[in-house]
Amino acid sequence: RENFIHLCNPHLEKMQEDILYHFALGTGTHDFPALFGDVKFVCVGGSPSRMKAFIAYIAEELGLGSPGCVYPNICAGTDRYAMYKVGPVLSVSHGMGIPSIAIMLHELIKLLYHAKCSNVTIFRIGTSGGIGLDPGSVVITRESVDATFKPQFEQVVLGKTVIRSTNLDEQLTEELMQCSIEIGQFHTVIGNTMCTLDFYEGQGRLDGAICLYSEEEKLQYLKEAYDSGVRNIEMESSVFAAMCNLSGVKAAVVCVTLLDRLEGDQISTSHDVLAEYQKRPQKLVGYFIKKSLGKV
């Protein structure tokens, strides 16, 4: 069954042209169905270099590229985001934090709609701080929760508070877990992901420029998070889940943990080890894509 992108905006039908400003793309200047109509998988992550590395990785895994191939940045006309494509896979950077990924998602969802894409699955891959997990563990998000452990995304629209659901596709989550079992290379868990508005105080760190709470208060808070089902902390998953839900898109969040926040706040692991950790979400999502396309 064809599942097309749903846009919750009747005003777009009245527009003669839709300019995706932060992508440097527009329906009046680009043929979206020709450029993106075959997209079935979208992978988004914070860093442009990481998303460039992912497209090279998935191209080789799918037999659509070889080492040394150059993949042009589709959004080269702007320095806000980077976008790469190979076959049915689109790879897009989203920057850091809810505002940055939200802007990107508005334009990405419209891009998929204008391209008449169907049966699309979107993944967010990234890094995170773990709670009660060894560094290098991968967390597949069951649901994104806010800093009070509620599964919701709260936003002020026209001066009024709007609350949206942050549940993620349960079947997709289980399928990703099965993929990790089949890969058998790293520890993976399904758990809740806490999405915060800040890297320092918002996540209970003791090493920011401002910190007006004690180490005991920090640890108590993180243990309460763990007891509520939270296994990692990042800064994008809530709006990602909320916007994908409203648009009728299957979505998943897959993040590797770089440290256990119960043990400290600063990342002291060597660069080489961190580089290997950061490849783990790519490997998991890449394996899922290969399996979905019958290439495993």
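Keep in mind it's a predicted model, so treat the numbers as computed, not measured.

### So, the overall build of the protein
A tally of helices and strands in the protein yields 7 helices and 12 strands. What you see for the protein is a C-alpha radius of gyration of 19 Å, in line with the 19 Å of a compact globule of 296 residues. Across the 296 residues in the protein, those meeting the buried criterion constitute 49%. At a minimum sequence separation of 6, the contacts of the protein that also span at least 24 residues come to 76%. Of the roughly 14100 Å² of accessible surface on the protein, a fraction of 52% belongs to carbon and sulfur atoms. For the protein, the centre of its 26 positive side-chain charges and the centre of its 34 negative side-chain charges are spaced 6 Å apart.

### A word on the state of the cysteines
Across all of its chains, the model carries 0 disulfides by this definition. Of all cysteine sulfurs, the one in cysteine 244 lies closest to cysteine 8, which takes part in no disulfide; the gap is 12 Å. Using a relative accessible area of 52% as the deciding quantity, one classes cysteine 8 as exposed. Sulfur of cysteine 75: no disulfide; nearest cysteine sulfur belongs to cysteine 117 and is 14 Å away.

### Thoughts on helix 6 (residues 237–246)
By the criterion of burial, helix 6 is predominantly enclosed, with 8 of the 10 residues buried. Taken as a whole, helix 6 has its buried residues at Ser237, Ser238, Val239, Phe240, Ala241, Ala242, Met243 and Cys244. Looking one or two residues past helix 6, glycine 248 carries a phi angle of roughly 70 degrees, positive in sign.

### Looking at the packing of aromatic side chains
Under the definition given, this model contains 5 aromatic pairs. On the numbers, 5.5 Å between centres and 70 degrees between planes, the contact of phenylalanine 123 with phenylalanine 288 is edge-to-face. Residue phenylalanine 123 is found in strand 6 (residues 121–130), and its partner phenylalanine 288 is found in helix 7 (residues 271–292); the two are separated by 165 residues along the sequence. Considered together, phenylalanine 123 and phenylalanine 288 belong to a single accessibility category, that of buried residues. The residue whose ring lies beneath arginine 205 is phenylalanine 199, and the NZ or CZ to ring-centre distance is 3.8 Å. Against the face of tyrosine 226 rests arginine 231, its NZ or CZ located 3.7 Å from the ring centre.

### Some details on the nonpolar core
One finds Phe23, Val42, Leu108, Leu111 and Leu112 to be the most contacted residues of the largest nonpolar core, which totals 42 residues. Elements with a minimum of two residues in this core: helix 1 (32–36), strand 3 (41–45), strand 5 (89–93), helix 3 (98–114), helix 6 and strand 12 (250–260). The residues touching valine 42, leaving out its near neighbours within four places in the chain, are Leu90, Val92, Leu108, Leu112, Val120, Thr121, Ile122 and Phe123. Among the nonpolar cores identified, the runner-up in size contains 35 residues, and Met51, Ala59, Val89 and Ile183 belong to it.

### Focus on the UniProt feature "binding site: substrate" (unreviewed entry) in the protein
When the UniProt feature table is mapped onto this chain, "binding site: substrate" (unreviewed entry) is found at Gln203 and Arg205. Summarising the element assignment, glutamine 203 is placed in the loop between strand 10 (188–195) and helix 5 (215–227). Setting aside residues no more than four positions away along its own chain, glutamine 203 makes contact with Thr196, Asp198, Leu222, Ile233, Glu234, Met235 and Arg261. There is a polar contact of 2.7 Å between the side chain of glutamine 203 and the side chain of arginine 205. Considering the arrangement of structural elements, one finds arginine 205 in the loop between strand 10 and helix 5. Of the residues examined, arginine 205 reaches a relative accessible area of 3% and is grouped as buried. Beyond its immediate stretch of four places on either side in the chain, arginine 205 contacts Phe199, Tyr200, Cys211, Tyr213, Leu259, Arg261 and Asp265. There is a polar contact of 2.9 Å between the side chain of arginine 205 and the backbone oxygen of phenylalanine 199.

### Overview of the packing of helix 3 against helix 6
Running from N to C, helix 3 and helix 6 point in directions that differ by 20 degrees, and their axes come no closer than 9 Å. One finds that helix 3 runs roughly parallel with respect to helix 6. Considering only the axes of helix 3 and helix 6, their crossing is right-handed. Contacts from Ile98, Ile101, Ala102, Leu105, His106 and Ile109 in helix 3 reach Ser238, Val239, Phe240 and Met243 in helix 6. Here the residues of the contact of helix 3 with helix 6 sort into 8 nonpolar, 2 polar and no charged.

### Things to note about the pattern of salt bridges
Side-chain pairs of opposite charge can arise whenever the charged atoms involved come near each other. Per the stated rule, a full pass over the model turns up 9 salt bridges. Residue glutamate 236 pairs with arginine 124 through a salt bridge whose shortest N-O separation is 3.1 Å. Within this pair, whereas glutamate 236 is found in the loop between strand 11 (230–234) and helix 6, its partner arginine 124 is found in strand 6, the two being separated by 112 residues in sequence. Owing to a relative accessible area of 3%, arginine 124 belongs among the buried residues under this scheme.

Criteria and thresholds
- Residues numbered from 1 in each chain as written.
- Predicted model: local features only at pLDDT ≥ 70, side-chain atom pairs only at ≥ 80, totals over all residues.
- Heavy atoms only, no water.
- Helix = DSSP H or I, 4+ residues; strand = E, 2+ residues; numbered from the N terminus.
- Rg over C-alpha atoms; globule rule 2.2 N^0.38 Å.
- Buried < 20%, exposed > 50% of the residue type's maximum accessible area, 1.4 Å probe, protein only.
- Contact = heavy atoms within 4.5 Å.
- Areas by Shrake-Rupley, 256 points an atom, 1.4 Å probe, with all protein chains shown as cover.
- Lys, Arg positive; Asp, Glu negative; His and termini not counted.
- Charge placed at Lys NZ, Arg CZ, Asp CG, Glu CD.
- Disulfide = S-S within 2.5 Å.
- Phe/Tyr/Trp six-rings, centres within 6.5 Å; stacked < 30°, edge-to-face > 60°.
- Lys NZ or Arg CZ within 6 Å of the ring centre and 35° of its normal.
- Core = buried A, V, L, I, M, F, W, Y, C linked by side-chain atoms within 4.5 Å.
- UniProt positions renumbered as here; feature names shortened; annotations may be inferred.
- Polar contact = N/O pair within 3.5 Å; in protein donor to acceptor, adjacent residues only side chain to side chain.
- Axes fitted to C-alpha atoms, helices over the stretch in contact; angles between N-to-C directions.
- Parallel < 35°, antiparallel > 145°, perpendicular 65-115°, else oblique.
- Left-handed = near helix turned anticlockwise from the far one by under 90°.
- Nonpolar A, V, L, I, M, F, W, Y, C, P; charged D, E, K, R; others polar.
- Salt bridge = Lys/Arg side-chain N within 4 Å of Asp/Glu carboxyl O.

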